[in-house]
Amino acid sequence: MTLQYQFPEGFWWGSATSATQIEGAAHEDGKGLNIWDYWFEQEPNRFFDGIGPENTSDFYHRYQEDIRLMKETGHNTFRLSISWSRLIPGGIENINEKAVDFYNRVIDELIKNDIEPFVNLFHFDMPFELQQIGGWENRKVIDAYAHYARICFELFGDRVKKWFTFNEPIVPVEGGYLYDFHYPNIIDFRKAIQVAYHTIVAHAKAVQVFKQASIQNGKIGIILNLTPSYPRSQHPADLKAANICDLLFNRSFLDPAVKGEYPAELIELLKEYSYLPVIENSDATLIKNNTIDILGVNYYQPRRVKAKAHLPNPYAPFMPENLFDNYEMPGRKMNRHRGWEIYEKGIYDIAMNLKENYGNVECFISENGIGVEGEETFRNADGMIEDDYRITFIQEHLKWLYKAIQEGANMKGYHMWTFMDNWSWSNAYKNRYGFISIDLHHHCERSIKKSGYWFKQVAENNGF
Ligand code: BG6
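On a predicted model such as this, the values are computed, not experimentally measured, just so you know.

### Side note on the overall build of the protein chain
The number of helices and strands found in the protein chain is 15 helices and 17 strands. Expected size for 464 residues packed as a compact globule is a radius of gyration near 23 Å; at 21 Å, the protein chain falls within 12% of this value. Here the C-alpha coordinates of the protein chain stretch approximately 60 × 55 × 45 Å along the principal axes. Expressed as a percentage of its 464 residues, the buried residues of the protein chain come to 46%. Looking at the protein chain alone, contacts between residues at least 24 apart form 77% of all its contacts between residues at least 6 apart.

Below, the structure is given as structure tokens:
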């Protein structure tokens, strides 16, 4: 069969998940609290429909069934995250043997089914006891994290060969320290910068620990949500605004992770506003010597930016938006359920930027997907959700990914967000993202959506 979009041999087809969003069993088998468990206990009304992270999609008990469904939907790879507070309940010491047993069983089951596990260490889920001492604001947490990483490599590194230090490390910075959608709900740009900086130091330490662990054939990376920053026009003021946005939201993590150093322009910018973080002398060498082997790119939407129209209010807290304005491009295509723009070409622009400016680092699409409300209305008489919009969404992105690969981008795979409908940080189960639907009213019963069957064909044919 000749396919129009034939991907390179060995392409990774799969999907991504995170522990808090799928495991459930939040208070079972010795798991400690993380910030989500704690915040939900404090303010359940901040969560859509009052649904918290205690149950989610019950992967903890049903992982065997789920891995069988991965097989049925053509997965050859799958990303999960380890829950730090399940493995080390207080965050610092005392390993929970029941957690070790659980992750061992999951990893073994994946491998038995020829699905390669990609394991991520931190997906927004800070152990609560560590948040009490400041979370990423406190350098002690960096050491606790490096220790946790070492434990994971020692326990699972004989079988897991693709490791990731963080998923979207900028999101806890934005959510927790700028825009009030993650615990600890602080609004403080200076703290946000310090937290972002400490996260990069923690990342570099974990990479260092990984190298010392000498995991045979192992690769380590980071997963970043890259958002190409498109200027409203080619006017110098708009270009400058887009560049600032790119420096703050993309290059602040991308450059140190891939190149081992911060962009000089970013340092100048922070200096200009007296917002440089507190650093330690050895940090620069640590970051320089511990760059990644592989980059995961989460892509949902671009940023569109224009020069500021008005001077910011001098009495309001200083925010990134003091430096540029967001811009709603007329006629842009939207996913109205999530309020996110759909711009498929962004995936190509990211891939070509990585090829041209980041040494063509090995990378893959580690998340891309569409969250839709009310999917039950698309269930047909046979009980299958006909999510053609998801098929179109993935296909249109894959076309641009294919083009980038044809032009030499080092893109090795595509992971959809997400495998099964899962609990989302602020929207709980409002928008559904999965290949597999979850019936919350019937013991989380699973069923494959049309997109899952379609994906199986694509994965098995290695194209479409
Ligand atoms: C990514 C995260 O940013 O987007 C996931 O890695 C998240 O954890 C996904 O669930 C979709 O976003 P949301 O907020 O709609 O769940």
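### Some points on helix α10 (residues 236-259)
With 24 residues, α10 extends just 27 Å between its outermost C-alpha atoms, more than 12% less than the 34 Å of an ideal straight helix rising 1.5 Å per residue. At arginine 251, α10 shows its largest bend, some 60°. Count one or two residues on from α10 and you reach glycine 260, which has phi positive near 80°.

### So, the environment of glycine 346
Position of glycine 346 among the secondary structure elements: in helix α13 (residues 345-357). Put simply, glycine 346 and alanine 213 are 133 residues apart on the chain and 36 Å apart in space, counted from C-alpha to C-alpha. Beyond its immediate sequence surroundings of up to four residues, glycine 346 is in contact with Pro228, Tyr299 and Pro302.

### Considerations on the pairing of strand β2 (residues 77-81)
In summary, the side chains of a regular strand alternate between the two faces of the sheet. Taken across its 5 residues, β2 has 5 buried, putting it largely inside the fold. Going residue by residue along β2, you find Thr77, Arg79 and Ser81 tucked away on one face and Phe78 and Leu80 tucked away on the opposite face as well. Pairing of β2 with strand β3 (residues 116-120), which is carried by 5 bridges, proceeds in the parallel orientation. Residue serine 81 lies in a different strand from β3, and its bridge partner there is asparagine 120.

### What about the site of the ligand?
Around the ligand sit 15 residues in total, of which Ser18, Asn167, Glu168, Gly371 and Ser424 are the nearest. In the shell around the ligand, the residues fall into 3 nonpolar, 9 polar and 3 charged.

### Notes on the UniProt feature "active site" (unreviewed entry) in the protein chain
UniProt records the feature "active site" (unreviewed entry) for Glu367 in the present numbering. Examined against the element boundaries, glutamate 367 turns out to sit in strand β12 (residues 363-367).

### Focus on helix α15 (residues 450-461)
In this model, α15 (12 residues) spans 17 Å end to end at C-alpha, consistent with the 16 Å of a helix rising 1.5 Å per residue. Of all the positions in α15, only Ser451, Gly452, Trp454, Phe455, Val458 and Ala459 are classed as buried. Down the axis, α15 shows its buried residues gathered within 160° of arc, on one side only. Of the exposed residues in α15, the ones pointing more than 90 degrees away from its buried face are Gln457 and Glu460. Residues of α15 that are buried sit in contact with β1 (12-16), α14 (388-406), β16 (436-439) and β17 (445-448).

### Comments concerning the confidence of the model for the protein chain
When pLDDT is low, close inspection of the predicted coordinates is not appropriate. Residues with a pLDDT of 70 or more make up 100% of the protein chain, whose mean pLDDT is 97. Prediction confidence for the complex, expressed as pTM and ipTM, is 0.98 and 0.99 respectively.

### Here we look at unusual backbone geometry
With an omega of 15°, the peptide bond running from tyrosine 183 to proline 184 counts as cis. As for its position among the elements, proline 184 is in the loop between α8 (170-177) and α9 (189-213). With an omega dihedral of 15°, the bond running from tryptophan 417 to threonine 418 counts as a cis peptide bond. You can see threonine 418 is positioned in the loop between β14 (411-417) and β15 (431-432). Located in the positive-phi region is asparagine 360, a residue other than glycine, with phi close to 50°. Here asparagine 360 shows up in the loop between α13 and β12. A positive phi angle, close to 55°, is found at cysteine 444, a residue other than glycine. Turning to its location among the elements, cysteine 444 is positioned in the loop between β16 and β17. Of the residues examined, cysteine 444 has 18 C-beta atoms within 10 Å and is grouped as partly exposed.

### So, the packing of helix α3 (residues 59-72) against helix α5 (residues 97-112)
Angle between the axes and distance between the axes are the two parameters that describe a pair of packed helices. In the contact formed by α3 and α5, the axes pass within 10 Å of each other and the chain directions differ by 5°. Our classification of the angle between α3 and α5 gives roughly parallel. Of the residues in α5, those touching α3 at Tyr60, Tyr63, Gln64 and Ile67 are Phe102, Val106, Glu109 and Leu110. For the contact of α3 with α5, a count of residues per class yields 6 nonpolar, 1 polar and 1 charged.

### Things to note about the sheet that holds strand β5 (residues 219-225)
Around the barrel, which closes on itself, the 8 strands sit in the order β1-β2-β3-β4-β5-β7-β12-β14 with parallel pairing between neighbours. When the angles between neighbouring strand axes are averaged without regard to direction, this sheet yields 25°. Here 5 bridges tie β5 to strand β7 (residues 294-298), and the two strands are oriented parallel to one another. If you follow glycine 221 over to β7, its bridge partner there is isoleucine 294.

### Points about the sheet that holds strand β8 (residues 303-306)
On the basis of which strands lie adjacent, the open sheet formed by 3 strands has the order β6-β8-β9 and mixed pairing. Each edge of the open sheet carries a strand with a single partner, namely β6 (229-231) and β9 (325-326). Set on the sheet, α10 makes contact with β6 and β8; between it and β6 the angle comes to about 170°.

### Considering the environment of lysine 98
Within the secondary structure, lysine 98 sits in helix α5. A count of 13 C-beta atoms within 10 Å places lysine 98 in the partly exposed class. Measuring from C-alpha to C-alpha, the distance between lysine 98 and leucine 87 comes to 8.2 Å, with 11 residues separating the pair along the chain. Apart from the residues lying within four places of it in its own chain, the contact partners of lysine 98 are Asp29 and Gly30.

About the cut-offs
- Residues numbered from 1 in each chain as written.
- Predicted model: local features only at pLDDT ≥ 70, side-chain atom pairs only at ≥ 80, totals over all residues.
- Helix = DSSP H or I, 4+ residues; strand = E, 2+ residues; numbered from the N terminus.
- Rg over C-alpha atoms; globule rule 2.2 N^0.38 Å.
- Buried ≥ 20, exposed ≤ 12 C-beta atoms within 10 Å, placed from the backbone.
- Contact = placed C-beta atoms within 7 Å.
- Expected span 1.5 Å × (residues − 1).
- Bend = angle between axes of the 7 residues up to and from the residue.
- Pairing = 2+ DSSP bridges.
- Near = placed C-beta within 6 Å.
- Nonpolar A, V, L, I, M, F, W, Y, C, P; charged D, E, K, R; others polar.
- UniProt positions renumbered as here; feature names shortened; annotations may be inferred.
- Arc of directions from axis to C-beta.
- pLDDT = per-residue confidence, 0-100.
- Axes fitted to C-alpha atoms, helices over the stretch in contact; angles between N-to-C directions.
- Parallel < 35°, antiparallel > 145°, perpendicular 65-115°, else oblique.

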